[in-house]
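Here are the chains, one letter per residue:
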Amino acid sequence: MWAGKWLGWMLLALVRLLTGAQARWWGCPPKAERRIYFANHQSHLDLVMIWAALPHELRTITRPIAARDYWANTPVKRWITTEVFNAIYVERGGTPAPAADGEAPADPLAPLQPLIEALRSGDSIIIFPEGTRGHTGEPQKFKSGLYTLAQMFPEVVLVPAWIDNVQRVMPKGEIVPVPILCSVTFGAPIALAPGEERRAFLERAREAVVALRDV
Amino acid sequence: MNDYLRHLTPTHQVAALFLIVFGLLTVVTSAVFLLGLRERRHPVHGERWREELAHLAKLLQTTWWMVAVFWIGWTLGDTAATVLFALISFFALREFITLSPTRRGDHRSLLLAFFVVLPVQYWLVASAHFDLFTVFVPVYVFLAIPVVSALADDPNHFLERNAKLQWGIMVCVYGMSHVPALLLLEFPGFEGKSAFLVFFLVGVVQSCMLAQHLVGRLMGRPAFAPNVSRSFNWFGCGIGLALGCVLGAVFSFITPFKYGQAMAMALIACVAGAMGHLVMKALKRDRGIPNWGRRSTGVTGANGLLDRVDALCFAAPIFFHSVRWYFGV
C-alpha cells in the first residue's frame, strides 16, 4: 500500500515536471460528489493526465477506466494501474457500438458491469466514450455506454473534459515522453433530458467535449 | 560605510548585497500593498490607476521570485546554481516547444534536445569546459538535430520545424547557460565574487526592460513596429538603455570593471536584451499568441516564464563574450 502511495507521488511529480498537468475548472468547481467525467481519447496517457490534474481529495475517490490489453499486459503496468490509479479494467471497445438499425446488442450491460459497481459503491469514474484512441484530433462518435450509465444513475453529475496536447507528449509507438505542457479543461455538467433519444444525447455530449477545446 | 564593506570577505559582501535587495523589495512591496489597501477603503483613483497598481504588484511578484531563486542558487553554491539555471532552461524550452507546432517525426529530435543537449550543455558549463561549451550548440547540435529529424522520414515543413527547434535550443538552452557560466569566470583579484557579475547582468538588464515596459505603458508613444510589438518605441527603449547604463556605472564597484567599462558592458547587455525581447515578440506574433503562457490562463507556476527571461537569454551570451574577449579571462 505504502509503495503504491509513494510511487503515486513520484509519478505525479514526474507528470507535473513533464507536462504541467494543469487543470482548468472552467464549467464547474472541483467537488466531491459522484461524477462521471467523460473526455476525449488520444493517447494511453490520457488516463494519467486526468488523474494528475484532479486535486488530491478527488483523485482518491475517482476511478479511471483502463484498457485491459494495454494496461494489464505486464505485471508492472498491472500493479501501477491497480495500486496507483485505482483503475477499472475494461475490454477495449467494450461498450457496444450503437447498432445502426436500432437493434440492441446481446447484453449491453455486461461490459459496463465494473463501472456500475464503482458508481454503486460511491466512487466517481473517468470514461473515454470514444472507446478507442483517435488520430485526427477530432473526437470520434461516442459509444452508448455513457447513455446507459446516465440512464441508470440520473443523480450522478456528468462532467465533460477536454484533454489537450497529450498526443504530442508520447505519439503512438514511442516509449519516452517529451516535455510539453498539457491541460485538462472541465466543462459545465450536462444532464440527460427526460425522454431524450440515445443518439441525440451522445452527439450533445460529444459537442460539449469538443466545445472545451477553444475556451 | 564604504570602507566597512570593502573589508568584508567576498561572501559577506554578497550576503550584504542580497540583504539590501531583499530590504528594498520589502519596502516597495509594503508600500504597494498599503496603497492598495487604502485604495480599497477609500477609492479616490480611477479604474486605470488600479489596473496599473495590480500590474506593478505582479511585476514585483516576479522580481521576488527571481531574487529568491538567485539567493537560493548562491547559498547552495556554483553547482546548485547551474542546476537551477538548467531547470529554468528546461521550463522555458518546454513552453517554447508547447507553442511551436511539432509533428510526430520530431519526437526523437525533441528527446535529444531535452534529455541530451540540455544536460550536456549545463554539464559543460559546470565543469568549466569553456571552449567546448561555446561551440557545442552552434556546431554539433546544429548538425545533430536535423540529422535525427531526417532519419524520422518526414519531409513536411522540414526546414521550418528544424529552424523552430534550433531556435528554441539557441535561446532557451544556449543563451540561458551563459548566466551560470559567468559564475565560473576568474578575474584576477576578483575570486569568489563572480556572483556579483550575475547580479550585475540580471539587475541591469531587468531594470532596463522594466523601465522600457513601464514607459511604453504609461506614455503612449506610437509603436515603432506595431505589427511586432504594440509597445516598443525608441523613446522607451532609450530611457531603458539610459537607466541600464546609469545603473551599470553605479554598480561598477561590485564588478571588476571601471566606470566607463561598466557603462559600456551594461549598454551592450541592455541593447542585446531589449532587441532580443523584440525578436521573441516577433516569434510570438508569428504563432498568434500574446504571451508565452498556456493560452494566457496563468495558473501553474511555469506559465509565461519565457516572457520574463527572454531578454536575459539574449543578453547573457553577448555579455559573457564581451567580458571574456575584452578582459581576456
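Thresholds, definitions, all that
Residues numbered from 1 in each chain as written. Chains lettered and ligands numbered in written order. Predicted model: local features only at pLDDT ≥ 70, side-chain atom pairs only at ≥ 80, totals over all residues. Heavy atoms only, no water. Helix = DSSP H or I, 4+ residues; strand = E, 2+ residues; numbered from the N terminus. Rg over C-alpha atoms; globule rule 2.2 N^0.38 Å. Buried < 20%, exposed > 50% of the residue type's maximum accessible area, 1.4 Å probe, protein only. Contact = heavy atoms within 4.5 Å. Areas by Shrake-Rupley, 256 points an atom, 1.4 Å probe, with all protein chains shown as cover. Lys, Arg positive; Asp, Glu negative; His and termini not counted. Charge placed at Lys NZ, Arg CZ, Asp CG, Glu CD. 1 Å grid on protein atoms, 1.4 Å probe; cavity = no way out; pocket = protein on both sides within 12 Å on 5 of 7 lines; lining within 4 Å. Points joined across faces, edges and corners; volume = space filled by probe spheres on them. Nonpolar A, V, L, I, M, F, W, Y, C, P; charged D, E, K, R; others polar. Patch = residues over 30% accessible without salt bridge, like charges linked within 9 Å, V, L, I, M, F, W, Y side chains within 5 Å. Salt bridge = Lys/Arg side-chain N within 4 Å of Asp/Glu carboxyl O. Buried area = accessible area lost by both parts, 1.4 Å probe. Pairing = 2+ DSSP bridges. Disulfide = S-S within 2.5 Å. pLDDT = per-residue confidence, 0-100.

Let us now look at the overall build of chain B. When you go through chain B residue by residue, the secondary structure sums to 11 helices and 0 strands. Along chain B, helices (α) and strands (β) appear in the sequence α-α-α-α-α-α-α-α-α-α-α when read from the amino end. Rg of the C-alpha trace for chain B: 21 Å, near the compact-globule value of 20 Å for 329 residues, within the 12% margin. Once the C-alpha set of chain B is aligned to its principal axes, its extents read approximately 65 × 55 × 35 Å.

Counting its regular elements, chain A contains 9 helices and 7 strands. Here the C-alpha radius of gyration of chain A, 16 Å, is about what a compact globule of 215 residues would show, namely 17 Å. Projected onto its principal axes, the C-alpha coordinates of chain A cover approximately 45 × 35 × 35 Å. Scored against the burial criterion, the 215 residues of chain A give a buried share of 53%. Taking all contacts inside chain A whose residues are at least 6 apart in sequence as the whole, residues at least 24 apart take part in 73%. Surface accessibility of chain A: about 9,700 Å² in total, with carbon and sulfur atoms responsible for 60%. Computed over 23 positive and 21 negative side-chain charges, the separation of the two mean positions in chain A equals 5 Å.

Before going further, it helps to spend a moment on empty space enclosed by the protein. Residues and elements named next belong to chain B. Within this structure, the stated rule accounts for 3 cavities of 30 Å³ or more. Lining the second largest cavity are I97, S100, P101, T102, D106, L110, R161, N162, K164 and L165. The element contributing the most residues to the lining of the second largest cavity is helix 7 (residues 158-183), with 4 residues. Grouping the amino acids of the lining of the second largest cavity by side-chain chemistry returns 4 nonpolar, 3 polar and 3 charged.

All names here are of chain B. A cluster of nonpolar residues, F224, W234, L267, V271 and M275, forms a patch on the protein surface that exposes about 460 Å² of accessible area. With 3 residues, helix 10 (residues 259-287) is the single largest residue contributor to the nonpolar patch. Topologically, V271 is positioned in helix 10. On the basis of relative accessible area, V271 is assigned to the partly exposed category, the value being 34%.

It is worth spelling out the pattern of salt bridges at this point. Residue and element names in this part refer to chain A. According to the stated counting rule, one finds 13 salt bridges over all chains in the structure shown. For R206, the salt bridge is made with E138, and the minimal N-O distance between the two is 3.9 Å. Taken together, the residues R206 in helix 9 (residues 198-211) and E138 in the loop between strand 5 (124-127) and helix 7 (145-152) connect sequence positions 68 residues apart. Put simply, R206 and E203 hold a salt bridge, and the shortest N to O gap is 3.5 Å. Here E203 and R206 lie together in helix 9, a separation of 3 residues that amounts to about one turn. Residue classification places E203 among the partly exposed residues on the basis of a relative accessible area of 31%. The network of salt bridges with shared partners includes E138, E203, R206 and R213.

Residues and elements named next belong to chain A. Even without a glycine there, the phi angle at A21 is positive, about 45°. Its location among the elements puts A21 in the loop between helix 1 (2-19) and strand 1 (22-25). Judged by its relative accessible area of 5%, A21 is buried. One non-glycine residue, N165, lies in positive phi territory at about 80°. Of note, N165 is situated in the loop between strand 6 (157-164) and helix 8 (166-169).

Each side of the interface is counted separately: chain A has 23 residues, and chain B has 22 residues. Both sides of the chain A and chain B interface together cover about 1,900 Å² of buried area, and 55% of this is carbon and sulfur. At the junction of chain A and chain B, the tally comes to 1 salt bridge. We note a salt bridge from B:R108 to A:E174, for which the minimum N-O separation is 3.1 Å.

Residue and element names in this part refer to chain A. In terms of burial, strand 3 (residues 62-67) is largely enclosed, as 6 of its 6 residues are buried. Side chains T62, P64 and A66 project from strand 3 onto one buried face, and the interleaved R63, I65 and A67 project onto a second face that is buried too. Note that strand 3 and strand 5 share 3 bridges and pair parallel. In the strand pairing of strand 5, T62 is matched with S124.

What follows concerns the pairing of strand 2 (residues 35-39) of chain A. Residue and element names in this part refer to chain A. Within strand 2, 5 of the 5 residues are buried, which leaves the element mostly enclosed by the surrounding structure. Taking every second residue as pointing to the same face, both faces of strand 2 are buried, with R35, Y37 and A39 on one and I36 and F38 on the other. Bridging between strand 2 and strand 6 involves 5 bridges; their strand directions are parallel. Bridging across to strand 6, I36 finds its partner in L158. Two strands pair when backbone bridges link them, and strand 2 and strand 5 are joined in this way by 3 bridges, in the parallel orientation.

Quick look at the state of the cysteines now. Residue and element names in this part refer to chain B. One pass over the structure, following the stated rule, counts 0 disulfides over all chains. As a non-bridged cysteine, C237 has C208 as the owner of its nearest cysteine sulfur, 6.5 Å distant. Left without a disulfide partner, C270 is nearest to the cysteine sulfur of C208, which lies 3.9 Å away. Accessibility expressed as a relative area gives 1% for C270, which makes it buried.

Our focus in this paragraph is the confidence of the model for chain B. Considering every residue of chain B, the mean pLDDT works out to 84; 94% of them sit at 70 or more. Confidence over residues 295-302 of chain B falls short of pLDDT 50; this stretch has 13 contacts with residues more than four positions distant or in other chains.

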